[in-house]
Amino acid sequence: MQSILKLNSRRVLSSILPSCRSITTNLDTPWRTAYGGKYTVTLIHGDGVGPELMQHVKAAIRCVRAPVEFEDIPLSSNEASDEVFERAITAVKRNGIAIKGNIASQNTTNSLNVLLRTRLDLFANVIRCKSSPVVPTRHSDIDILVIRENTEGEYSSLEHESVPGVVESLKVITRAKSLKIARFAFEIAKHADRKKVTAVHKANIMKLSDGLFIECCREIAAEYPDIKFDTMIVDNTCMQLVNRPTQFDVMVMPNLYGNIVSNVCAGLVGGSGFVAGSNYGDHFAVFEQGTRNTGLGIAGKNIANPSGILFAAANMLKYLGLDQHCSTIKNAVLNTIQEHKIKTPDIGGTATTTQFIECVLNEIIKLTPSIGFNYEMQKATHAFRFKDID
Amino acid sequence: MIVDNTCMQLVNRPTQFDVMVMPNLYGNIVANVCAGLVGGSGFVAGSNYGDRYAIFEQGTRNTGIGIAGKNIANPSGMLFAAANMLKFLGLDEHCSVIKKAVLTTIQERKLKTPDIGGSATTTEFVQSVLNEIAQMTPTIGFDYQMQKRKNAFLYKNID
């Protein structure tokens, strides 16, 4: 109880500071402060395969010679004290960017992942599922952008047992956040030249909550006449995803359906090893594996597929404006799978993670010019930059 | 298994699952994913059981408003549901005849409605099913016994 009171008072104070900063920010100051010419990125280790994958991410980013320094926070379910958690929050707020492994949720406490996202107000989760020729899947030609509301909905962690044996769980949908996520989805669709946005819901049963969500999406859709908008009920959506996934382009939905639909889409394009997820807020961005697995069963065995977290690191570099570094890492991973045919067991091969990473690092060295890439530090903008989102 | 991992495993390796039990919303989603895996909403029959009553329907609970009146709906799902109802009543042979008739129509006569890639209408399909049923049923009809009274729910005749 005491720790909850501590957290609340710190939240009030720390939520005042960023708004002050944005009011007084001079247009000439960089958007992400690069101390000594290097951006600082927080690395939150997480559980399971998280710590080992973080080492590989560091190796890859150093190999591509990106101007990035790391700040390690060993937050995991073993080290989940308030102090470490607050350190993590402060580090992300200070640096603005984080790469995160998943923290296993113990049964008695609230999920630390959810707490992290709500404290940092990372309202949007974006997962891009693109089928690639290197991974054999049943459907090719899939390119779906799944945008999932990240902070409310069924994950409000409000449950109570009013009568013994009867548990009630509250699903909270607010107009403000629904408008925000709908606006986010349409802005991304506009900047990425996407043609259609599908809102996924269950408003026939949950008429008020999902009905509000759909209404907000429709309001925003009216401002973008070039982009088609339609709605689809979540069960039909899942069936269509399994039968004809090429009909979907951008999908926007509340939290729980987003979790399920993004995992279905990830399964369609090759599994959890291949999909990177990004969480965006107004001030911060956190990058992680798309399907948020801890991988406890394969921790320490050196068989995890690092492609997902490497793609997440590449997305982070793109978000910082380092496009060439981003595409080098992505091409290196794809070349490793395609040309060198080194595959980890989850996609049917026999290579270990270390073999995979070594090959990726070799590819990166081949693709990087000897003096490194030319890059420019980002210019300051006040607005959220929808254009560097993948 | 957590529902997001379940959906991903269903898409990647569905053969690992046998019987799945879950609450209402996840059941809706997972049932539709599984129905999509085996051929679409035309092929899956759903049964709703209570302590006293049973209702049989199409597995994926679609209204099909878009294809109403166009004579292109796939009747297999509803026919399987009807067959399940007969089995629930204890009329096993009647049940298996209907199911075999539908499967023979698709497999041997190759009559497929548009949702599974063919061009037959519903009436042609059902005509063929009726012919198959007539071929499989002996001229005096099947032998059957009325169910004996039982207070318990018959778990044994559930498909």
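Residues numbered from 1 in each chain as written. Chains lettered and ligands numbered in written order. Predicted model: local features only at pLDDT ≥ 70, side-chain atom pairs only at ≥ 80, totals over all residues. Heavy atoms only, no water.

Looking at an unreviewed UniProt entry, chain B carries the name Isopropylmalate dehydrogenase-like domain-containing protein, with the source organism given as Adineta ricciae. You can read under Sequence similarities (unreviewed entry) in the UniProt record for chain B the words "Belongs to the isocitrate and isopropylmalate dehydrogenases family." (UniProt positions renumbered as here; feature names shortened; annotations may be inferred.)

Chain A is annotated in an unreviewed UniProt entry as Isopropylmalate dehydrogenase-like domain-containing protein of Adineta ricciae. Per its UniProt entry, chain A bears the Subcellular location (unreviewed entry) comment "Mitochondrion". Regarding chain A, the UniProt comment filed under Sequence similarities (unreviewed entry) reads as follows: "Belongs to the isocitrate and isopropylmalate dehydrogenases family."

Some points on helix H3 (residues 76-88) of chain B
All names here are of chain B. With 13 residues, H3 ought to run about 18 Å at 1.5 Å a step, and its terminal C-alpha atoms sit 18 Å apart, in line with that. Within H3, the full set of buried residues consists of Ser76, Gly77, Phe80, Ala81, Ala83, Asn84, Leu86 and Phe88. Looking at the packing, one finds that the buried side of H3 touches strand E1 (45-49), strand E2 (54-58), helix H4 (92-107) and helix H5 (122-136). In the stretch just after H3, glycine 90 is the one whose phi turns positive, near 100°. (Helix = DSSP H or I, 4+ residues; strand = E, 2+ residues; numbered from the N terminus. Expected span 1.5 Å × (residues − 1). Buried < 20%, exposed > 50% of the residue type's maximum accessible area, 1.4 Å probe, protein only. Contact = heavy atoms within 4.5 Å.)

Observations concerning the state of the cysteines
Taken as a whole, this structure holds zero disulfides over all chains when the rule is applied. Left unpaired, cysteine 359 of chain A is separated from the closest cysteine sulfur, that of cysteine 63 of chain A, by 12 Å. Cysteine 34 of chain B forms no disulfide, and the closest cysteine sulfur to it belongs to cysteine 7 of chain B, at a distance of 8.4 Å. (Disulfide = S-S within 2.5 Å.)

A short note on the packing of aromatic side chains
Residue and element names in this part refer to chain A. Counted according to the given criterion, the structure contains 10 aromatic pairs over all chains. With centroids separated by 5.3 Å and ring planes inclined at 20°, the aromatic side chains of phenylalanine 186 and tyrosine 224 adopt a geometry described as stacked. Of the two residues, phenylalanine 186 sits in helix H5 (residues 175-191) while tyrosine 224 sits in the loop between helix H6 (209-221) and strand E9 (228-233), which places them 38 residues apart along the sequence. Each member of the pair, phenylalanine 186 together with tyrosine 224, is buried. Cluster of aromatic residues (ring-pair linked, three or more members): Phe123, Phe184, Tyr280, Phe287 and Tyr319. The ring of tyrosine 155 has arginine 148 lying over it, and the distance from NZ or CZ to the ring centre is 5.3 Å. One cation-aromatic arrangement involves lysine 180 over phenylalanine 123; the distance from NZ or CZ to the ring centre is 4.5 Å. (Phe/Tyr/Trp six-rings, centres within 6.5 Å; stacked < 30°, edge-to-face > 60°. Lys NZ or Arg CZ within 6 Å of the ring centre and 35° of its normal.)

Comments concerning the nonpolar core
Residues Ile61, Ile99, Ile147, Phe184, Val252, Leu317 and Ile364 of chain A are the most contacted members of the largest nonpolar core, which totals 76 residues. The contact partners of leucine 317 of chain A, leaving out residues within four places of it in the chain, are Val64, Ala66, Val68, Leu322, His325, Cys326 and Ile329 of chain A. Ranked by size, the runner-up nonpolar core spans 32 residues in total, among them Val146, Leu256 and Ala266 of chain A together with Met8 of chain B. (Core = buried A, V, L, I, M, F, W, Y, C linked by side-chain atoms within 4.5 Å.)

Comments concerning the UniProt feature "domain: Isopropylmalate dehydrogenase-like" (unreviewed entry) in chain B
Under the present numbering, the feature "domain: Isopropylmalate dehydrogenase-like" (unreviewed entry) in UniProt falls on residues 1-129 of chain B. Along residues 1-129 of chain B, the helical share is 47% and the strand share 8%, with 40 Å between the first and last C-alpha atoms.

A word on unusual backbone geometry
Residue and element names in this part refer to chain A. Even without being a glycine, aspartate 121 presents a positive backbone phi close to 50°. By the element assignment, aspartate 121 lies in the loop between helix H4 (112-119) and strand E4 (124-130). By relative accessible area, aspartate 121 is classed as partly exposed at 28%.

Considerations on the pairing of strand E2 (residues 68-73) of chain A
Residue and element names in this part refer to chain A. Pairing analysis gives six bridges linking strand E1 (residues 39-44) to E2, with the strands arranged parallel. Bridge pairing in E2 links threonine 42 to glutamate 71. The parallel pair E1 and E2, bridged by helix H2 (residues 50-63), forms a crossover whose chirality is right-handed. (Pairing = 2+ DSSP bridges. Right-handed = clockwise from strand over helix to strand, strands pointing away.)

Examining the sheet that holds strand E5 (residues 143-149) of chain A
All names here are of chain A. Strands sit in the order E2-E1-E3-E12-E11-E4-E5-E10-E8-E9 across an open sheet of 10 strands; the sheet is mixed. The outermost strands of the open sheet, each flanked by one partner alone, are E2 and E9. The sheet shows a mean angle of 25° between the axes of neighbouring strands, taken without regard to direction. In this structure, E1 lies alongside strand E3 (residues 97-100), joined through three bridges in parallel fashion. Directly across from leucine 43, in E3, lies its bridge partner isoleucine 99. Sheet contacts for helix H9 (residues 307-319): E1, E2, E3, strand E11 (276-280) and strand E12 (285-289); angle to E12, the most-contacted strand, approximately 160°. (Axes fitted to C-alpha atoms, helices over the stretch in contact; angles between N-to-C directions.)

A closer look at the domain arrangement of chain A
Residues and elements named next belong to chain A. Entries for chain A in the domain assignment read domain 1 (31-128 + 275-366) and domain 2 (138-268). Between domain 1 and domain 2, the C-alpha centre-to-centre distance is 25 Å. Residue-level contacts link 18 residues of domain 1 with 20 residues of domain 2. Where domain 1 abuts domain 2, roughly 1600 Å² becomes buried across the two surfaces, and 56% of that area is made up of carbon and sulfur atoms. (Domains from an automatic or database assignment. Buried area = accessible area lost by both parts, 1.4 Å probe.)

Quick notes on the interface of chain B and chain A
Contact with chain B, which involves 20 residues of that partner, is made by 22 residues of chain A. Interface area for chain B against chain A, summed over the two sides, is near 1600 Å², with a carbon-plus-sulfur share of 72%. Taken as a group, Asp4, Met8 and Ile29 of chain B account for 32% of the area that chain B buries against chain A, more than any other trio of residues on that side. At the boundary of chain B with chain A, the tally comes to zero salt bridges. Between chain B and chain A we count two residue pairs in polar contact (both at pLDDT 80 or more) in total. (Salt bridge = Lys/Arg side-chain N within 4 Å of Asp/Glu carboxyl O. Polar contact = N/O pair within 3.5 Å; in protein donor to acceptor, adjacent residues only side chain to side chain.)

A few points about the pattern of salt bridges
Residue and element names in this part refer to chain A. Applying the stated criterion across every chain yields a total of 20 salt bridges over all chains. The partner of arginine 128 in a salt bridge is aspartate 143, and the shortest N-O contact between them spans 2.9 Å. With arginine 128 in strand E4 and aspartate 143 in strand E5, this residue pair connects regions lying 15 residues apart in the sequence. Classification of arginine 128 by relative accessible area gives partly exposed; the value is 26%. Using a relative accessible area of 24% as the deciding quantity, one classes aspartate 143 as partly exposed.

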